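# Descriptive structure summary
Listed below are the residues making up each chain.
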Amino acid sequence: MTTKKIQKFIAERRPTPYLVVDLDVVADNYRKLASAVPQAGIYYAVKANPAPEILSLLAKMGASFDTASVAEIDMALAAGVDGGRISFGNTIKKASDIAAAHARGVKLYAFDSEAELDKLAKAAPGAKVFCRILTSGEGADWPLSRKFGCEVEMARDLLIAAAKRGVLPHGVSFHVGSQMKDTNAWDAAVAQAAWIFRECEAAGVQLSMLNIGGGFPTRYRKDIPAMQSYGEAIHASLARHFGNRIPSEIIVEPGRQMVGNAGVIDTEVVLVSKKSSKESRRWVYLDIGKFGGLAETMDEAIQYPIVAAKKGPVGRVVIAGPTCDSADVMYEKADYRLPLDLEAGDRLEIRATGAYTTTYASVAFNGFEPIKTYCI
Ligand SMILES: *Cc1c(COP(=O)(O)O)cnc(C)c1O
C-alpha cells in the first residue's frame, strides 16, 4: 500500500534507492495486532526493521522486543525499554553474548538444545528460559523450519532438566513460518505446546509462558486474511488445547506484519533492454537488487507490488538488480508487467517493503551502499 504522506515524500525526488516508512501505518498495524490478540504481550522482532524511529514508536505504544544479538538488545534499550521488556530469542548465541545480555538486565532467553541450555545456566543464572519446538513451515511463503527448534519430547526433557540447573523453565515457543497465509497454522504447534505443559506439570515443573512467534503476513500482490481472523483462530486453538488452563503469559513476535506494508522503496530504472530482437520480453534493471535489500525475492518467494509512475499499455518484463552477479535477478518466472515506454531514469515504487529489506542489504557489494531509511 501507499499513503498520501509517502506519495508527497516521493514526489520530492530524492536520490534513489531509499526506503520510506510511514510511522502512522506502523502504529495502525500495532493497534490491529493488539486488538486481534488482546491477551498477548507484543514482542516486536527487531530484525524486521530496526530503524530507531520505529523502535521508539513501538516502545511508547507498549511493545516489548524480540532480539537476536547484543547489538539488537542495545537498539531496544536505546528505544527506551529496560531489559525486562527484551527477549533474547535467538537459539544460537555465544556464551559471551548471553553474559552481556544478562548484564544488561535481559531476563528471557530462548534455547532448543542441551548445549545452549548449558550456556544459559552458566552465563545467565536465574534467567527465564523457553524452549523452541520444530514446526513444518507448511503454508508459509518464507518458512523457518528445520534450522530452529527441537522435537517435543526433547523440549519436555530439556525444560525438566532446566529446573535443576539454576534457570527458570518458563515456557515453550515456536514460529509457524513467515508470511503465513493459513490462519489455522498455529493449531498443531499449540497442541504440541499444551502436551509439553502437561508433561512438565506431571514431572513437577510448572510452565507459564507460551510464545506463539510471528508469521503474520503483510499484503503483497495477493490478498491476505484479516489480522482479526488470525486472532480468532489462535484463540480457538488455545481454548481447544489448554481448556480452562490457558498459560498466564502469551507472547507474540510480529515482524513482517508490523512494518511490511508501511514502507515503499523508491528506485530508478538504470536500463531497459532485450536479449534478442525477436524476444518481446524486456529486461528491466533497477538501482536496487537482491544485494541491496531485496533478498526475499530469492526463488521469487516474496513478490512485491511494483508500480510505475508512467501509465499506459504494459508488457512482460524480467526485473533485475544493478550488480555484477548473475544471481541478482529478482523476478523472471513471476508475471510482472511494466509500461511499454519505460526507460532509464524512470522511477518505480516497490511497495510493501518495510520489512526485511534494509537489514538484508549488503555493505557495499560492487560499491553500492546499503539503502537509506526515512521514517515519516
Ligand atoms: C524473525 C522472527 C520473528 C518474526 O517473524 P515474522 O514472520 O516476520 O513475523 C519472530 N520470532 C522469531 C524468533 C524470529 O526469528
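Everything in this summary refers to the structure shown in the same document. (Residues numbered from 1 in each chain as written. Predicted model: local features only at pLDDT ≥ 70, side-chain atom pairs only at ≥ 80, totals over all residues. Heavy atoms only, no water.)

### A word on the overall build of the protein chain
This is how the line gets drawn: Helix and strand definitions here come from DSSP, where helices need a minimum of 4 consecutive H or I residues and strands a minimum of 2 consecutive E residues; each element is numbered from the N-terminal end. Radius of gyration: C-alpha atoms only; globule rule: 2.2 Å multiplied by the number of residues to the exponent 0.38. Note on exposure labels: buried denotes an accessible area under 20% of the residue type's maximum, exposed denotes more than 50%, and partly exposed covers the range between, all computed with a 1.4 Å probe on protein chains only. For this analysis, residues touch if any pair of their heavy atoms sits within 4.5 Å. The Shrake-Rupley method, run with a 1.4 Å probe, gives the accessible areas here. Residue values count only the displayed protein chains as cover. The charge count treats Lys and Arg as positive and Asp and Glu as negative. His and the chain ends do not count. One atom stands in for each charge, and that atom is NZ of Lys, CZ of Arg, CG of Asp or CD of Glu.
Scanning the protein chain from N- to C-terminus turns up ten helices and 18 strands. For 376 residues, the compact-globule formula gives about 21 Å, and the C-alpha radius of gyration of the protein chain, at 22 Å, lands near that figure. Along the first, second and third principal axes, the C-alpha set of the protein chain runs to 75 × 40 × 35 Å. Within the protein chain, the fraction of its 376 residues that count as buried is 55%. Of the contacts made within the protein chain by residues no fewer than 6 positions apart, 70% connect residues no fewer than 24 positions apart. As displayed, the protein chain offers around 16000 Å² of accessible surface, 54% of which is attributable to carbon and sulfur atoms. A distance of 2 Å separates the average location of the 45 positive side-chain charges in the protein chain from that of its 43 negative side-chain charges.

### Quick notes on the sheet that holds strand E8 (residues 168-173)
Selection criterion: The rule for pairing is simple: two strands pair if DSSP sees at least two bridges between them. Between N-to-C directions, angles cover 0 to 180 degrees, with each direction set by a line fitted to C-alpha atoms, over the stretch in contact for helices.
Strands sit in the order E2-E3-E4-E5-E6-E8-E10-E11 around a closed barrel of eight strands; the barrel is parallel. Across the sheet, the mean angle from the axis of one strand to that of its neighbour is 30 degrees, orientation sign disregarded. As defined by bridge partners, strand E2 (residues 40-45) adjoins strand E3 (residues 64-67) across three bridges and the pair is classed as parallel. Residue pairing for E3: Tyr-43 is matched across the bridge by Ser-64.

### Regarding the side chain of Asp-266
Which entries qualify depends on this criterion: We define a polar contact as two N or O atoms separated by no more than 3.5 Å, with the added condition that, inside protein, one atom must be a possible hydrogen donor and the other a possible acceptor, whereas residues neighbouring each other in sequence contribute only through side-chain atom pairs.
Within the fold, Asp-266 resides in strand E12 (residues 263-273). The exposure class of Asp-266 is buried, given its relative accessible area of 1%. Reaching out from Asp-266, the side chain makes a polar contact with the side chain of Tyr-18 at a distance of 2.9 Å. Excluding residues within four positions of it along the chain, Asp-266 makes contact with Ile-10, Thr-16, Pro-17, Tyr-18, Arg-347 and Leu-348.

### Overview of the site of the ligand
Filter applied, for reference: Throughout, near means a residue has at least one heavy atom within 4 Å of the molecule or strand. Amino acid classes used here: Ala, Val, Leu, Ile, Met, Phe, Trp, Tyr, Cys and Pro are nonpolar; Asp, Glu, Lys and Arg are charged; the rest, including Gly, are polar.
Around the ligand, the structure places 13 residues, and the nearest of them are Lys-47, His-175, Ser-178, Glu-253 and Tyr-356. For the ligand, an oxygen atom lies 2.8 Å from a polar atom in the side chain of His-175. In isolation the ligand offers 390 Å² of accessible surface; the protein chains occlude 91% of this area. Taken together, the residues that form the shell around the ligand break down as three nonpolar, five polar and five charged.

### Comments concerning helix H9 (residues 227-242)
So the rule is basically this: By definition here, a helix of n residues has an expected span of 1.5 Å times n minus one. What the arc covers is the set of directions going from the helix axis to the C-beta atoms.
Taking 1.5 Å per residue as the helical rise, H9 with its 16 residues ought to reach 22 Å, and the 22 Å between its terminal C-alpha atoms agrees with that figure. Every buried residue belonging to H9 is among Met-227, Tyr-230, Gly-231, Ala-233, Ile-234, Ser-237, Leu-238 and Phe-242, and all of these are buried. Projected down its long axis, H9 carries its buried residues within an arc of 165 degrees, all on one side. The exposed set on the far side of H9, more than 90 degrees from its buried face, consists of Glu-232 and Arg-240. Residue Gly-243 follows H9 closely and has a positive phi angle near 60 degrees.

### Some details on the nonpolar core
Stated formally: By convention a nonpolar core is built from buried Ala, Val, Leu, Ile, Met, Phe, Trp, Tyr and Cys residues, the set being connected through side-chain atoms within 4.5 Å.
Judged by nonpolar contacts, the single largest core of 104 residues is most densely connected at Ile-54, Tyr-109 and Trp-186. With seven residues, the top contributor of residues to this core is helix H8 (residues 187-202). The residues touching Ile-54, leaving out its near neighbours within four places in the chain, are Val-21, Leu-23, Val-26, Tyr-44, Asn-49, Val-259 and Cys-375.

### Section: the packing of aromatic side chains
For clarity, the threshold we go by: Classification of ring pairs uses Phe, Tyr and Trp, with its six-membered ring standing for Trp, and accepts pairs whose centres are within 6.5 Å; under 30 degrees between planes counts as stacked, over 60 as edge-to-face, and the remaining range as tilted. Placement of a positive charge over a ring is assigned whenever Lys NZ or Arg CZ falls within 6 Å of the ring centre and within 35 degrees of the normal to the ring plane.
Applying the stated criterion across every chain, the model contains 14 aromatic pairs. Aromatic ring contacts, followed pair by pair, group Phe-9, Tyr-18 and Tyr-374 into a single cluster. Just above the ring of Phe-9 sits the side chain of Arg-14; from NZ or CZ to the centre is 3.7 Å. Above the ring of Trp-283, the side-chain terminus of Lys-275 is found at 4.7 Å from the ring centroid.

### What to know about the pairing of strand E17 (residues 347-351)
With respect to burial, E17 is a largely interior element, five of its five residues being buried. Burial of the side chains of E17 extends over both faces: Arg-347, Glu-349 and Arg-351 are buried on one face and Leu-348 and Ile-350 on the other. Pairing of E12 with E17, which is carried by five bridges, proceeds in the antiparallel orientation. Pairing of Glu-268 across the sheet is with Arg-347, part of E17. As judged from the three bridges shared by strand E14 (residues 306-308) and E17, these two strands associate in the antiparallel manner. In the sheet register, Val-307 faces E17, and the bridge partner there is Glu-349.

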